[in-house]
Number of protein chains: 4
Amino acid sequence: MRRIGILTSGGDAPGMNACIRAAVRTALANGLEIVGIRRGYAGLLEGDTVPLDRTAIRNTIHLGGTILETSRSPEFMTREGRARAAEVIRQAGLDGLILIGGEGTFHGASLLAAEWGTTLVGVPGSIDNDVYGTDSCIGFDTAANCALSAIDRIRDTARSHDRLFFVEVMGHHTGFLALESGIAGGAEELVIPEEPLSSAELSDRLKEGFKIGKKSAIVVVAEGKKPGKSFRIADEVRKFLNYESRVVVLGHLQRGGPPTVRDRVLGSVLGVAAVTALQDGRSGCMAGEVKGEIAYTPFDDTWQKKKPLDADVMRIFSLLSE
Amino acid sequence: MRRIGILTSGGDAPGMNACIRAAVRTALANGLEIVGIRRGYAGLLEGDTVPLDRTAIRNTIHLGGTILETSRSPEFMTREGRARAAEVIRQAGLDGLILIGGEGTFHGASLLAAEWGTTLVGVPGSIDNDVYGTDSCIGFDTAANCALSAIDRIRDTARSHDRLFFVEVMGHHTGFLALESGIAGGAEELVIPEEPLSSAELSDRLKEGFKIGKKSAIVVVAEGKKPGKSFRIADEVRKFLNYESRVVVLGHLQRGGPPTVRDRVLGSVLGVAAVTALQDGRSGCMAGEVKGEIAYTPFDDTWQKKKPLDADVMRIFSLLSE
Amino acid sequence: MRRIGILTSGGDAPGMNACIRAAVRTALANGLEIVGIRRGYAGLLEGDTVPLDRTAIRNTIHLGGTILETSRSPEFMTREGRARAAEVIRQAGLDGLILIGGEGTFHGASLLAAEWGTTLVGVPGSIDNDVYGTDSCIGFDTAANCALSAIDRIRDTARSHDRLFFVEVMGHHTGFLALESGIAGGAEELVIPEEPLSSAELSDRLKEGFKIGKKSAIVVVAEGKKPGKSFRIADEVRKFLNYESRVVVLGHLQRGGPPTVRDRVLGSVLGVAAVTALQDGRSGCMAGEVKGEIAYTPFDDTWQKKKPLDADVMRIFSLLSE
Amino acid sequence: MRRIGILTSGGDAPGMNACIRAAVRTALANGLEIVGIRRGYAGLLEGDTVPLDRTAIRNTIHLGGTILETSRSPEFMTREGRARAAEVIRQAGLDGLILIGGEGTFHGASLLAAEWGTTLVGVPGSIDNDVYGTDSCIGFDTAANCALSAIDRIRDTARSHDRLFFVEVMGHHTGFLALESGIAGGAEELVIPEEPLSSAELSDRLKEGFKIGKKSAIVVVAEGKKPGKSFRIADEVRKFLNYESRVVVLGHLQRGGPPTVRDRVLGSVLGVAAVTALQDGRSGCMAGEVKGEIAYTPFDDTWQKKKPLDADVMRIFSLLSE
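Residues numbered from 1 in each chain as written. Chains lettered and ligands numbered in written order. Predicted model: local features only at pLDDT ≥ 70, side-chain atom pairs only at ≥ 80, totals over all residues. Heavy atoms only, no water.

## Observations regarding the overall build of chain A
A count of helices and strands for chain A gives 11 helices and 11 strands. A globule of 322 residues ought to have a C-alpha radius of gyration of about 20 Å, and chain A, at 21 Å, matches this closely. Dimensions along the principal axes, computed over C-alpha positions, put chain A at roughly 65 × 40 × 30 Å. Expressed as a percentage of the 322 residues in chain A, the buried residues total 64%. Contacts in chain A between residues at least 24 apart in sequence constitute 76% of all its contacts with a sequence separation of at least 6. Total accessible area on chain A is roughly 11100 Å²; 50% of this is exposed by carbon and sulfur atoms. Distance between charge centroids for chain A: 3 Å, based on 38 positive and 41 negative side chains. (Helix = DSSP H or I, 4+ residues; strand = E, 2+ residues; numbered from the N terminus. Rg over C-alpha atoms; globule rule 2.2 N^0.38 Å. Buried < 20%, exposed > 50% of the residue type's maximum accessible area, 1.4 Å probe, protein only. Contact = heavy atoms within 4.5 Å. Areas by Shrake-Rupley, 256 points an atom, 1.4 Å probe, with all protein chains shown as cover. Lys, Arg positive; Asp, Glu negative; His and termini not counted. Charge placed at Lys NZ, Arg CZ, Asp CG, Glu CD.)

In structure tokens, the structure reads:
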């Protein structure tokens, strides 16, 4: 191990820069060269690299987004694409590659590793927190706090108007963001993929709350496959309840902003762990944090296994939102 | 003048509580009784009042929304409604009434004053800043900073992905919020009611920017009559540009949150001015701030005259966004 | 178990209200009565109680501080004081008491339990994070993010001026806040109780950084016994380095503000756990969270055992701050 | 006018980057070359220049501090220093120079202009807001909101503990920051240079507040010549009142952070105005904003005339803080 690469792929997440910075400093401290690949797998296919040294990562730890930029690359998901990627890696003289990303990133990585034997270590970055093998993904805590701050603001106006609000947060097929921000924001109801709820049921529950004296309510909705589903739900609930409602779709607002302490520390810890893993001869796995300890999970598990919501936290939401 | 009332009406705006607090303290300091009318004109029609003293307004200056709650009242816009309102005011023994609100509020107020001779003084509260007779409405500065903070966050992710973003801010028939947050956020383009722009024209302008090396762009859109128009614009632009884009609709997010210094000071100054105006025998007018001085504007002007965007600021946006 | 009490004691910490709210809702859901004791042990000695129901805790989850107020009570640390406390608890008909606080609170609690057999369960609330038996105390995450936000702001001006900054954060005899905010803020050096460092050594290390091209640096200092020690350190370092420096003492700024997601969720989880513990017949222990699981620790351990900094995180700080 | 320079001098202030960006874009749009001088007058004396083009100022509008860095230069205050400065300006081929700074900057500028006839236009940047000839200096609004946010946080803990807090904000010989943040924060008392107040008087006023039921109070103190005076005042008040108090010294925290809408817009407007002024043949003056209009003030007035606090706002503080 003499020279390694690092890239960010998929959706950007706050804390990725802390991870890049940690990997660079660790590599340099251990006598390794390290180069950045720009724009994820797309940039990898084009050999779009940039040398990384102390100067390149100075004053980046507080920045949202990723200084290496990112992308989604359909081409990399083809056999030919990955052949090219392997060739680029070989020509660039990289003995190993660190991939910061989510499910799609690791799916691609497992194929690349299987087909070409490339030495790869992953780090989970995903505001959805939907990667198996780590309690928390880089970016999740920042996104949850961003959603919470939105809920806090909306409650001001909800209370002033006796209104029903739908706050749509991210969450493709998981409700982590909705659940955490919903508990913390004191939301009344959740609509998440893990617990399907019809608009009729939702309306019944809201009605119960109004009966015991509530005059405003906030429903946190995980956006699912495509942003905007809250508009439909709001329309349906309006038919059942005849209560004025408003919809806020947070969308990409949740991706940006300065990362929280937790995301910067997690990014730093995992950046160090990824370099160490490469030096220890690991490959084909992701470095995550489980119950406070570094844990390595095979790529295939990270995207094939489903990370469940914490059942206790779900129970607590029900108990406290009543 | 022995006993006065105060209410908030229309959309809530951060800084309204600072105004209520200032009015209460000024009234008490001047030996007046003051009562709050809850839920705007709707509450007025129901005689829903609450006594206001030092304790009622303690620790409220930092709160978003309005402690008196607010509403929109179709009934008040009828002649019968206003007759009832006049009767309630008489029965409650109110010698004058302070109304914190926007265009609709003052439209109603001018009718009430004309029909029943009620003593009324207004204070402009509107995050859209669309009230004639004041440079800035209570709530505008907070909403603009909220929109700016969203633009800052989005730029993180826009740059990480080389993407085009549409950020939809409030603004029914004015572009104040879009213009101020757009300049401050370094947005590339504006879509505002004052300067209609076709999607073809918008696409051309964006293309120019990409030609000189920009890889991401932010377009700030004033929502107009109904939230969501950005989705349509984004679709149209995509046809012209073939560039991936995302939409964020800030909606009611912009209403809440702790008011800024400026909105709390403005709310305080105008709250004092409104009580003073009543004591000075004024009525049928709104207390605003024009070029740093208190100015009183007849109710009819406040909603019939159009407050234009500052032409210099518009010119500066064009100059700086190139 | 039919009727329980709850109080907050010692320094206030953001998230305490989420804990109170969770305890109240859990108690009510389980058919228990619950009363609040105001102003900690001082209020307990005076029988200063307030009934708690759903209304009392509505819209409090986002508030910093504690709605029950808090205090430090020298009298409670006397045998006579505790005798009175036991008597008040008996007269108020409380079958158990939940104490949200830190080391001092649990020291007192262990004496009260030993002397009078009172049924007591604790919950750790401390921005210093210095309580043994929980990975994180309520309030720590919020305080760390507050300190981080200050460091981010200061870096702007440090870089603009080529200056050395000392940022003094809380931390009586532990460096948790300094370590976490220091890693996350990309600080150059730490001064913490766990690793004594002379001003000469500190100056040498800073000199190394300047040699490799740094022009500004941030040193995070744990305040120790009394705020202000940074002024002395800055003076000493100035003699060694002849470099202009500035000091910021965050002090109680770190206590307030809306709690983060993590502190609200932790507060909620532990509030539920505390009520459950009382119902399960537990006493004389604190409910904490260790590696993601609820854990109960005897009162005496909570304040007698020293919670060490994470050695890995310390190592990472050294690695990344170079 | 073919080629101009720009520098930032004195204390950095949020919004300076918006001003630099606006000046650069305006210069380029008007066919002028523009170079940056780094580190204020100190860099000027060393000829430390950097070419400025569109790329140099891209993505800087949201940054606190100043990308050109700044300094205080004793040497420039000597005749010899200024002779050297004039020579550097001549050699660099600069037909005019824009200076963003405060009183000291303009004092120096007036001497340079008088001695060497250099073409100079100033822009007021000062978080203290102590420059005559502009209602608001760049950076003031951001600093005031930073101080306000600190006061809001502190009130959480002040109320939880029934405590007296001293919050020391910046303000060398003016109380603008203290007054604005004090009104907006609902502070009980002010200690500002414009209205000397003995600790005995201050204690008497606080006592009045406690008599009518207040249990906590916040005193905002302008730091004056040297940070830390609040510690002394707190000690003195403690003797009179026997009430537990705490001190927070915000210091340089107030300088950093992303600028507010107002500071970015003001910076942009004045950056455009400064370039236009040079092209219009103006020199020896500062471009400010007075009652919403651009106004040019001779350098000597900017630092010799005293900008008074708004008497109405002072009166309102007294009225509302009671």
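## Regarding the side chain of Arg21 of chain B
Position of Arg21 of chain B among the secondary structure elements: in helix 1 (residues 16–29). No salt bridge forms around the buried Arg21 of chain B; measuring N to O, its nearest opposite-charge neighbour Glu188 of chain D is 6.8 Å away. The residues contacting Arg21 of chain B, other than those within four sequence positions of it, are Ile57, Thr60 and Ile61 of chain B together with Gly186 and Leu320 of chain D. (Salt bridge = Lys/Arg side-chain N within 4 Å of Asp/Glu carboxyl O.)

## Section: the packing of helix 11 (residues 311–321) of chain A against helix 1 (residues 16–29) of chain C
For the pair helix 11 of chain A and helix 1 of chain C, interaxial distance at closest approach is 9 Å and the crossing angle is 80°. Classified by the angle their axes make, helix 11 of chain A and helix 1 of chain C are roughly perpendicular. Taken together, the residues of helix 1 of chain C that come into contact with helix 11 of chain A (itself represented by Leu319, Leu320 and Ser321 of chain A) are Arg21, Ala22, Arg25, Thr26 and Ala29 of chain C. (Axes fitted to C-alpha atoms, helices over the stretch in contact; angles between N-to-C directions. Parallel < 35°, antiparallel > 145°, perpendicular 65-115°, else oblique.)

## Some points on helix 4 (residues 103–116) of chain C
Because each turn of an α-helix spans 3.6 residues, side chains separated by three or four positions in sequence point in the same direction. Residues and elements named next belong to chain C. Taking 1.5 Å per residue as the helical rise, helix 4 with its 14 residues ought to reach 20 Å, and the 20 Å between its terminal C-alpha atoms agrees with that figure. Those residues of helix 4 hidden inside the fold are in contact with helix 2 (40–45), helix 3 (79–91), strand 4 (96–101), strand 5 (120–124), strand 10 (285–290) and helix 10 (299–304). Following helix 4 by one or two positions, Gly117 adopts a phi angle in the positive range, close to 65°. (Expected span 1.5 Å × (residues − 1).)

## As for the side chain of Ser321 of chain D
Locating Ser321 of chain D in the fold gives a position in helix 11 (residues 311–321). Judged by its relative accessible area of 12%, Ser321 of chain D is buried. A distance of 2.9 Å separates a polar side-chain atom of Ser321 of chain D from the backbone oxygen of Phe317 of chain D. The residues touching Ser321 of chain D, leaving out its near neighbours within four places in the chain, are Arg25 of chain B together with Ala187, Glu188 and Lys214 of chain D. (Polar contact = N/O pair within 3.5 Å; in protein donor to acceptor, adjacent residues only side chain to side chain.)

## Comments concerning the interface of chain B and chain D
Every contact between the two is made by 41 residues of chain B and, on the other side, 41 residues of chain D. Here chain B meets chain D over a buried area of about 3600 Å², counting both sides, of which 56% is carbon and sulfur. Contact with chain D buries area across many residues of chain B, yet Val261, Lys291 and Leu320 of chain B alone supply 17% of it, more than any other trio. Across the pair Lys291 of chain B and Glu293 of chain D runs a salt bridge whose closest N-O atoms are separated by 2.8 Å. For the pair chain B and chain D, the interface holds 12 residue pairs in polar contact (both at pLDDT 80 or more). (Buried area = accessible area lost by both parts, 1.4 Å probe.)

## Describing the sheet that holds strand 4 (residues 96–101) of chain D
Residues and elements named next belong to chain D. Taken in spatial order, the 7 strands line up as 3-2-1-4-5-10-11 in an open sheet, and their pairing is mixed. One side of each edge strand has no neighbouring strand; the edge strands of this open sheet are strand 3 (49–51) and strand 11 (293–298). This sheet shows a mean twist of 30° between the axes of neighbouring strands, independent of strand direction. In this structure, strand 10 (residues 285–290) lies alongside strand 11, joined through 6 bridges in antiparallel fashion. Across the sheet, Met286 pairs through a bridge with Thr297, a residue of strand 11. Most of the contacts of helix 4 (residues 103–116) go to strand 5 (residues 120–124), to which it runs at about 170°, and overall it touches strand 4, strand 5 and strand 10. (Pairing = 2+ DSSP bridges.)

## Overview of the interface of chain A and chain C
Counting from both sides, the interface comprises 41 residues of chain A and, opposite them, 41 residues of chain C. Summed over both partners, the interface of chain A with chain C comes to about 3600 Å²; 56% of that surface belongs to carbon and sulfur atoms. It is Val261, Lys291 and Leu320 of chain A that lose the most area in chain A upon contact with chain C, and together they represent 17% of the buried surface on that side. Scanning the region where chain A abuts chain C turns up 4 salt bridges.

## Details of the UniProt feature "domain: Phosphofructokinase" (unreviewed entry) in chain A
The sites that carry the UniProt feature "domain: Phosphofructokinase" (unreviewed entry) are, in the present numbering, residues 3–278 of chain A. The span residues 3–278 of chain A is 45% helical and 16% strand by assignment, and the distance between its end C-alpha atoms comes to 11 Å. (UniProt positions renumbered as here; feature names shortened; annotations may be inferred.)

## Some points on the domain arrangement of chain A
All names here are of chain A. With domains assigned, chain A is organised as domain 1 (3–139 + 259–304) and domain 2 (140–255). A straight line from the C-alpha centre of domain 1 to that of domain 2 covers 33 Å. Each side of the interface is counted separately: domain 1 has 18 residues, and domain 2 has 14 residues. Roughly 1200 Å² of surface becomes buried between domain 1 and domain 2 when both sides are summed, with 48% attributable to carbon and sulfur atoms. For the domain 1 face of the interface with domain 2, the top three residues by lost area are Ile127, Asp128 and Asn129, together amounting to 44%. Linking domain 1 with domain 2 are 0 salt bridges. (Domains from an automatic or database assignment.)

## Things to note about the relation of the copies chain A and chain C
Taken as rigid bodies, chain A and chain C are interconverted by a rotation of 180° and an axial shift of 0.0 Å, the fit giving an RMSD of 0.0 Å. Taken together, these values place the two copies in the relation of a two-fold axis. Taking C-alpha positions as reference, the residue of chain A nearest the rotation axis is Lys291 of chain A, located at 2.3 Å. Most of the interface of chain A is mirrored in chain C: 100% of its interface residues are interface residues there too. (Least-squares fit on C-alpha atoms with pLDDT ≥ 70 in both.)

## Observations regarding the packing of aromatic side chains
Inspection of every chain in the model, using the stated rule, returns 16 aromatic pairs over all chains. When the centroid spacing of 6.4 Å and the interplanar angle of 80° are considered together, the rings of Phe140 of chain B and Phe176 of chain B count as edge-to-face. Here Phe140 of chain B is found in helix 5 (residues 140–161), whereas its partner Phe176 of chain B is found in helix 6 (residues 176–185), with 36 residues between them in sequence. A single burial state applies to Phe140 of chain B and to Phe176 of chain B, both of which are buried. Seen from their ring centres, Phe106 of chain C and Phe299 of chain C are 5.5 Å apart, and the 20° between their planes marks the pair as stacked. In this pair, Phe106 of chain C sits in helix 4 while Phe299 of chain C sits in helix 10, placing the two residues 193 residues apart along the sequence. Of the two residues, Phe106 of chain C and Phe299 of chain C, both sit in the buried class. The ring of Tyr296 of chain A is capped by Arg282 of chain A, whose NZ or CZ atom sits 3.9 Å from the centre of that ring. (Phe/Tyr/Trp six-rings, centres within 6.5 Å; stacked < 30°, edge-to-face > 60°. Lys NZ or Arg CZ within 6 Å of the ring centre and 35° of its normal.)

## Some details on the relation of the copies chain B and chain D
Structural alignment of chain B on chain D gives an RMSD of 0.0 Å, achieved by rotating through 180° and translating 0.0 Å along the axis. When the interface residues of chain B are mapped onto chain D, 100% of them again fall at the interface, so both copies present the same face.

## Here we look at the pairing of strand 6 (residues 164–169) of chain C
Residue and element names in this part refer to chain C. Within strand 6, 6 of the 6 residues are buried, which leaves it mostly tucked inside the rest of the structure. By the alternation rule, side chains of strand 6 split into Leu164, Phe166 and Glu168 and Phe165, Val167 and Val169, which are all buried. By the bridge criterion, 6 bridges tie strand 6 to strand 8 (residues 217–222) in an arrangement that is parallel. Bridge pairing in strand 8 places Phe165 opposite Ile218.

## Considering the state of the cysteines
Each disulfide is one covalent bond, formed between the sulfur atoms of two cysteines. Under the definition given, this model contains 0 disulfides over all chains. Free cysteine: Cys285 of chain B, not disulfide-bonded; nearest cysteine sulfur from Cys19 of chain B at 14 Å. Looking at Cys146 of chain D, it has no disulfide partner, and the nearest cysteine sulfur is the one in Cys146 of chain C, 10 Å off. Given the relative accessible area of 9%, Cys146 of chain D is considered buried. (Disulfide = S-S within 2.5 Å.)

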